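Below are the chains, spelled out letter by letter.
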Amino acid sequence: MTPSKTIAAMAVLIALSGCSPKNEPAAPAAAPAAAPSADVFNFKIGALDATALRDGNLEGPNDGKTFGVGRPPSDVAALLKAAGLATDTLKLSLQPLLVRGDGKVLLFDAGAAGISWAPQAGKLIAALRAAGVEPAQVTDIFISHSHGDHVGGLVHPGGVLTFPNATIHMSAPEWTAMKADTQLAAMVPVVTPKVAAFQPGAAILPGLVTAVAVNGHTLGHSAYEIASGPERLLYIGDTAHHFVVSVQKPDWTVAYDGDAPTAQASRRALLKRAADQDLRLYAPHFPFPGVGRVRTQGDGFVWAPE
Ligand SMILES: [Zn+2]
């Protein structure tokens, strides 16, 4: 991470915020993207229009300090090699989810814009516009948890709300934790008027979005079930980070998990339920676009992208 990258990233954001059309008619929010973009992937959830929006990438060394903590890096490397991946680096994608329908424009998580440790991310607004949506059209944002790669994009570097008309939904324990996080101290007063805290597991928009408490990653981490008629999609947040390591070895310790034993139990339970019930999942850190299912494989699971 270099200062020049930070400045360049901030310049892009400032430029994007500066071209927000005050007098131009807004693009219709209900229409999926007309122009193809590598950062946008459209799919359906029943009658709802869903779009994966690429914010960027995160990566870290396979040094035994993030995935498989307490194990030799060769254990993680063996899994990565078997999947045809580089063994020295663990790469994560980052794609918030856009859902349009029922007169709503919903965004699940807000990306990592402005977060210094995520220099390869922060492209969410460009992807959103490529999908035909202006930030001011977003009506509701559902935050899985308050880590920087999920809440960073809520506020511009200048301290202004990125999505000025959106209600920000977050579980009550997560909101309490976010307000106590000194790293987010500048962001908290900006978002406070827009936050609607819910009790874990609440039906937030009945028939459309229901919270699913997934304990352990943070104090109030939440997945979200999105429904349209009989169709369902489960947005899993950071229940599982890596599409190979987290899925095949859900019990291995991950440094990102605040309460690792609880997170490991939650991860295994969710993956088991998903495999047993053939649930359709959306994983914001799996390879873009992150839509698929898991199957049982031995003592673990395997990711089957759509
Ligand atoms: Zn994350």
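Just so we're clear, the structure is a prediction, and the values are computed from it rather than from any experiment. (Residues numbered from 1 in each chain as written. Predicted model: local features only at pLDDT ≥ 70, side-chain atom pairs only at ≥ 80, totals over all residues. Heavy atoms only, no water.)

### Section: the sheet that holds strand β13 (residues 231-235)
For step 1, the next point in the chain: On the basis of which strands lie adjacent, the open sheet formed by 7 strands has the order β10-β11-β12-β13-β14-β15-β16 and mixed pairing. Each end of this open sheet is capped by a strand with a single partner; those strands are β10 (203-205) and β16 (300-305).
For step 2, the next point in the chain: Note: strand β14 (residues 281-282) against strand β15 (residues 291-297), 2 bridges, orientation antiparallel. Along β15, the bridge assignment pairs Tyr 282 with Val 291.
For step 3, the next point in the chain: Lying on the sheet, helix α8 (residues 260-277) is in contact with β11 (209-213), β13, β14, β15 and β16; it crosses β15 at an angle near 95 degrees. (Pairing = 2+ DSSP bridges. Helix = DSSP H or I, 4+ residues; strand = E, 2+ residues; numbered from the N terminus. Contact = heavy atoms within 4.5 Å. Axes fitted to C-alpha atoms, helices over the stretch in contact; angles between N-to-C directions.)

### Here we look at the packing of aromatic side chains
For step 1, the next point in the chain: Under the definition given, this model contains 10 aromatic pairs.
For step 2, the next point in the chain: Ring geometry for Phe 67 and Tyr 256: centres 5.7 Å apart, planes at 90 degrees, overall edge-to-face. Linking Phe 67 in the loop between β3 (56-61) and α2 (73-82) with Tyr 256 in the loop between α7 (245-248) and α8, this pair joins segments that are 189 residues apart in sequence.
For step 3, the next point in the chain: Owing to a relative accessible area of 2%, Phe 67 belongs among the buried residues under this scheme.
For step 4, the next point in the chain: Overall, Tyr 256 belongs to the partly exposed group, its relative accessible area being 35%.
For step 5, the next point in the chain: Sitting above the plane of the Phe 288 ring, Arg 54 keeps its charged end 4.2 Å from the centroid. (Phe/Tyr/Trp six-rings, centres within 6.5 Å; stacked < 30°, edge-to-face > 60°. Buried < 20%, exposed > 50% of the residue type's maximum accessible area, 1.4 Å probe, protein only. Lys NZ or Arg CZ within 6 Å of the ring centre and 35° of its normal.)

### Quick notes on the coordination of the zinc ion
For step 1, the next point in the chain: For the zinc ion, the full set of protein donor atoms is Asp 149 (OD), His 150 (NE2), Asp 238 (OD) and His 285 (NE2), at a range of 2.1 to 2.2 Å.
For step 2, the next point in the chain: Coordination geometry of the zinc ion: the 4 donor atoms subtend angles of 88 to 158 degrees at the metal centre, consistent with an arrangement described as irregular.
For step 3, the next point in the chain: Here the donor residues of the zinc ion share one chain and are spaced in sequence as D-H-x87-D-x46-H. Separated by 47 residues along the polypeptide, Asp 238 in the loop between β13 and α7 and His 285 in the loop between β14 and β15 bring together distant segments of the chain.
For step 4, the next point in the chain: You can call Asp 238 buried: its relative accessible area is 2%.
For step 5, the next point in the chain: What makes His 285 buried here is its relative accessible area of 2%. (Donors = N, O, S within 2.8 Å, 3.2 Å for Na, K, Ca; no water. Tetrahedral: all angles 85-135°; square planar, octahedral: opposite > 155°, others 65-115°.)

### Observations concerning unusual backbone geometry
For step 1, the next point in the chain: The omega angle of the peptide bond from Phe 288 to Pro 289 is 5 degrees, so this bond is cis rather than trans.
For step 2, the next point in the chain: Within the fold, Pro 289 resides in the loop between β14 and β15.
For step 3, the next point in the chain: The phi torsion at Asp 102 lies on the positive side, around 55 degrees, for a residue other than glycine.
For step 4, the next point in the chain: By secondary structure assignment, the location of Asp 102 is in the loop between β5 (97-101) and β6 (104-108).
For step 5, the next point in the chain: A positive phi angle is found at Asp 109, which is not glycine, with a value near 70 degrees.
For step 6, the next point in the chain: The topology assignment puts Asp 109 in the loop between β6 and α3 (124-130).
For step 7, the next point in the chain: Residue class for Asp 109 comes out buried when judged on its relative accessible area of 1%.

### Let's talk about the pairing of β13
For step 1, the next point in the chain: Note: strand β12 (residues 222-228) against β13, 5 bridges, orientation antiparallel. Along β13, the bridge assignment pairs Glu 225 with Leu 234.
For step 2, the next point in the chain: The hairpin turn running from β12 into β13, its antiparallel successor, is 2 residues long, and Gly 229 in that turn takes a positive phi close to 60 degrees.
For step 3, the next point in the chain: In this structure, β13 lies alongside β14, joined through 2 bridges in parallel fashion. Its bridge partner lying in β14, Leu 234 is registered against Leu 281.

Function-wise, these values are silent; they only describe arrangement.
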